[in-house]
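Here's the letter readout for the chains.
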Amino acid sequence: MVTDAEWTRIRRGLRFGQVFEGTVVKVPRPGAIGIFVDIGLSVGGFVDVLLFPEQTEDWPTEGTVADFEIWWADSRRQIRLKPSDSHYLRNDFTDFVDRFRPNWPSEVGQPVRDPDPPPPR
């Protein structure tokens, strides 16, 4: 488990669009949630099912080594990735980005900021 300090240190060095070579380590329930990727950091990488083609045979399989870009980071101690290879992206990825991440092109290269602290209880 990654400590708060380690997670903060890792996040400070991350930028949206930053590319890592990663190895797919787990594809649980193909078509249901996404894949887990080892990118050589002490926190894991994850690619959400929403970024992949509908047909799971077009997804990278366990053991696949490929390039992945930092797509998102939130309060979870996990780096959200997107495949760099368009073969592994949903067919309508450009439209998907226009609808759900319209600022993506301008975010590339920007630091992955710490999420807002949770509200007091």
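Described below are features of the structure shown in this document. Remember, predicted model here, so these are calculated numbers, not experimental data. (Residues numbered from 1 in each chain as written. Predicted model: local features only at pLDDT ≥ 70, side-chain atom pairs only at ≥ 80, totals over all residues. Heavy atoms only, no water.)

**Details of the sheet that holds strand S3 (residues 44-48)**
Backbone-to-backbone hydrogen bonds pair the strands of a sheet. The strands run either parallel or antiparallel. Selection rule: When DSSP finds two or more bridges between a pair of strands, those strands are recorded as paired. Starting at the N terminus, helices and strands are each numbered in turn, a helix being any DSSP run of H or I of at least four residues and a strand any DSSP run of E of at least two. To get an axis, fit a line to the C-alpha atoms, keeping to the stretch in contact for a helix; angles then go from 0 to 180 degrees between the N-to-C directions.
Strand order around the closed barrel formed by five strands is S1-S2-S3-S5-S4, with mixed pairing between neighbours. Averaged over all pairs of adjacent strands, the angle between their axes in this sheet comes to 55°, without regard to strand direction.

**Regarding helix H2 (residues 93-100)**
Rules: Per-residue accessibility, obtained with a 1.4 Å probe over protein chains only, is compared with the maximum for each type, and a residue is labelled buried under 20%, exposed over 50%, and partly exposed between these values. Starting at the helix axis, one direction is taken to each C-beta atom, and the arc is that of these directions.
Residues of H2 that are buried: Phe 93, Phe 96 and Val 97. Considered in projection along H2, the buried side chains sweep an arc of 100° and stay on one side of the axis. Turned more than 90 degrees away from the buried face of H2 sit Thr 94 and Asp 98, all of them exposed.

**Let's talk about the environment of Thr 3**
Stated formally: Under the rule applied, a polar contact is a pair of N or O atoms within 3.5 Å (in protein, one hydrogen donor and one hydrogen acceptor; residues adjacent in sequence only if both atoms are side-chain atoms).
As for its placement among the helices and strands, Thr 3 is situated in the segment before helix H1 (4-12). Taking C-alpha positions, Thr 3 is 20 Å from Arg 15, a pair spaced 12 residues apart along the chain. A distance of 3.0 Å separates a polar atom in the side chain of Thr 3 from the backbone nitrogen of Glu 6.

**Describing the pattern of salt bridges**
Test applied: Any carboxyl oxygen of Asp or Glu that lies within 4 Å of a side-chain nitrogen of Lys or Arg is treated as forming a salt bridge with it.
Taken as a whole, this structure holds seven salt bridges when the rule is applied. A salt bridge links Arg 90 to Asp 92; its shortest N-O distance comes to 2.5 Å. Looking at Arg 90, the relative accessible area reads 19%, which means it is buried. Here the salt bridges share partners, and the residues they tie into one network are Arg 90, Asp 92 and Arg 99.

**Brief notes about the packing of aromatic side chains**
Describing an aromatic ring pair means giving the distance of the ring centres and the angle of the ring planes. Using the following cut-off: Here a Phe, Tyr or Trp ring, Trp counted by its six-membered ring, pairs with any other such ring whose centre lies within 6.5 Å, and the pair is stacked when the planes are under 30 degrees apart, edge-to-face when over 60, and tilted otherwise. We call a charge positioned above a ring when the Lys NZ or Arg CZ atom is no farther than 6 Å from the ring centre and deviates by at most 35 degrees from the ring normal.
In total, this model carries six aromatic pairs according to the counting rule given. Their ring planes at 50° and their centres at 5.7 Å tell us that Trp 71 and Phe 93 sit as a pair that is tilted. With Trp 71 in strand S4 (residues 65-73) and Phe 93 in helix H2, the pair connects residues that are 22 residues apart, well separated along the chain. Per residue, the accessibility class of Trp 71 equals that of Phe 93, and both read buried. Each ring, one from Trp 71 and one from Trp 104, has its centre 4.8 Å from the other, and the planes form 50°; the classification is tilted. Here Trp 71 is found in strand S4, whereas its partner Trp 104 is found in helix H3 (residues 104-107), with 33 residues between them in sequence. Take Trp 71 and Trp 104: they sit in the same class, and that class is buried. One aromatic cluster is present, formed by Trp 71, Phe 93, Phe 96, Phe 100 and Trp 104 through successive ring pairs. Looking at Arg 101, its charged tip hangs above the ring of Phe 16, at a distance of 5.8 Å from the centre. Directly above the aromatic system of Trp 71 lies the positively charged group of Arg 101, at a separation of 4.5 Å from the ring centroid.

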